[in-house]
Amino acid sequence: MAVILSFFAAHWLSSVFCQTFFQHRYGAHRQFTMSKGWERFFHLFTYIAQGSSFLNPRAYAILHRMHHAYSDTEKDPHSPLFFSNAFTMMWATKSRYDDFAYRRVEPEARFDGGTPEWPALDRLSQSWFMRIAWGAAYTGVYLVFAPSAWWFLLLPAHFVMGPIHGAIVNWGGHKYGYRNYDLADRSKNTLIFDFLTLGELFQNNHHEFAMSPNFAARKFELDPTYPVIWLLNKLGIIRELSPQRARFPAVRQELSAAAE
């Protein structure tokens with residue numbers, strides 16, 4: 001039992017950390033920079049962590065930039081205002097994601113560019129052969145260590161870990177919680193200590209301060225990813241950390257970097 005619980009927790013946390021650190025804060029927003037070598041390291045680490053549900057960084061960034069530009073309008077690729085449940089929202093999001101991941105559709109120019117790309121790895125990650133291989137690996141762990149058949153109910157979550165995280169953030173973060181800032185959209189902060197998605201559920205804070213690498217704004221809020229970012233910056237692994245910081249009450253800062 002301990003092995004399965006540890007494996008599930010490790011997969012959950014490593015997957016969502018890579019999503020918020022590499023694909024979101026770095027890939028979509030460029031809240032900091034890193035060398036090409038470190039970018040490749042984190043690109044590969046993200047693929048290993050997310051496995052069968054790896055999210056192509058370019059496609060992720062395009063969708064996320066669209067989400068900021070059109071938040072909770074009909075052009076938002078994943079707003080809960082226009083869907084009856086999280087499943088139908090994420091199914092529609094998958095269709096939009098596939099358009100960009102497989103380059104079937106070109107986005108508006110302002111949403112493209114400046115994203116991590118590794119063509120060989122990105123092609124490999126999108127292949128069904130590798131997705132099935134990852135699924136087989138997860139199943140193997142359960143076959144060896146699951147104490148009973150009931151534990152196999154957790155297995156499907158491993159297959160679609162990324163979309164599960166997306167559903168929690170995009171549905172919950174725009175429906176449940178409190179608001180620090182009165183914005184035009186419906187973004188909310190769902191948890192004061194976001195242990196579930198490592199800071200992603202501070203949606204209201206993030207929509208007000210899109211370039212802040214710390215998603216927490218008030219003294220009682222805790223973004224678990226930010227201390228890691230701070231440490232990596234001190235170690236020189238990441239550089240040029242965005243000077244913007246979320247503040248409450250809001251203290252607006254004019255930055256040269258676009259927050260889309």
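Here's a quick rundown of the structure. Please read all numbers here as calculations on a predicted model, not as lab measurements.

1. Some details on the layout of surface pockets
(1) Moving on: Quantified by volume, the largest pocket comes out at close to 920 Å³.
(2) Moving on: If you trace the largest pocket, you find 34 residues lining it, with Leu-55, Met-90, Lys-94, Gly-162 and Pro-163 closest to the centre.
(3) Moving on: Looking at the lining of the largest pocket residue by residue, the classes come out as 18 nonpolar, 12 polar and four charged.

2. Quick notes on the pattern of salt bridges
(1) Moving on: Throughout the structure, instances matching the rule amount to nine salt bridges.
(2) Moving on: A salt bridge links Asp-112 to Arg-58; the shortest N-O distance between them is 3.0 Å. Of the two residues, Asp-112 sits in the loop between helix H4 (86–101) and helix H5 (119–125) while Arg-58 sits in helix H3 (residues 57–69), which places them 54 residues apart along the sequence.
(3) Moving on: Judged by its relative accessible area of 3%, Arg-58 is buried.
(4) Moving on: Between Arg-103 and Glu-117 there is a salt bridge, with the nearest N and O atoms lying 2.6 Å from each other. Linking Arg-103 in the loop between H4 and H5 with Glu-117 in the loop between H4 and H5, this pair joins segments that are 14 residues apart in sequence.
(5) Moving on: Overall, Glu-117 belongs to the partly exposed group, its relative accessible area being 32%.
(6) Moving on: Connected through shared salt-bridge partners, Arg-30, Lys-36 and Glu-39 make up one network.

3. Some words on unusual backbone geometry
Glycine aside, residues mostly have negative phi angles, and peptide bonds mostly take the trans form.
(1) Moving on: Cis geometry marks the peptide bond from Phe-248 to Pro-249, where omega comes out at -5°.
(2) Moving on: Note on placement: Pro-249 falls in the segment after helix H10 (226–234).
(3) Moving on: The backbone of Arg-30 sits at a positive phi, close to 50°, despite the residue not being glycine.
(4) Moving on: Among the secondary structure elements, Arg-30 is positioned in the loop between helix H1 (2–28) and helix H2 (36–50).
(5) Moving on: Judged by its relative accessible area of 31%, Arg-30 is partly exposed.
(6) Moving on: Notably, Leu-198 is not glycine yet its phi reads approximately 55°, a positive angle.
(7) Moving on: Mapped onto the fold, Leu-198 is located in the loop between helix H8 (161–172) and helix H9 (203–208).

Reading the values: rules and limits
- Within every chain, residues take consecutive numbers counted from 1 along the sequence as written.
- Selection of residues for local features in this predicted model requires a pLDDT of at least 70, selection of side-chain atom pairs for listing and counting requires 80 or more, and totals for whole chains, interfaces and linings are taken over all residues.
- Side-chain metrics in this entry use all non-hydrogen atoms of the structure; hydrogen atoms and water are not considered.
- Cavities and pockets are found on a 1 Å grid laid over the protein atoms alone: a cavity is a set of points where a 1.4 Å probe fits but cannot escape, a pocket is an open set with protein on both sides within 12 Å along at least five of seven lines, and a lining residue has an atom within 4 Å of such a point.
- Grid points are joined across faces, edges and corners, and a volume is the space filled by probe spheres set on the points.
- Each residue receives one of three labels: charged for Asp, Glu, Lys and Arg, nonpolar for Ala, Val, Leu, Ile, Met, Phe, Trp, Tyr, Cys and Pro, and polar for the others, Gly being one of them.
- Whenever Lys or Arg places a side-chain nitrogen within 4 Å of a carboxyl oxygen from Asp or Glu, that contact is recorded as a salt bridge.
- Going along the chain from the N terminus, every DSSP run of H or I of four or more residues is numbered as a helix, and every run of E of two or more is numbered as a strand.
- The rule is simple: take the accessible area with a 1.4 Å probe, protein chains only, and divide by the maximum for that residue type; under 20% is buried, over 50% is exposed, in between is partly exposed.

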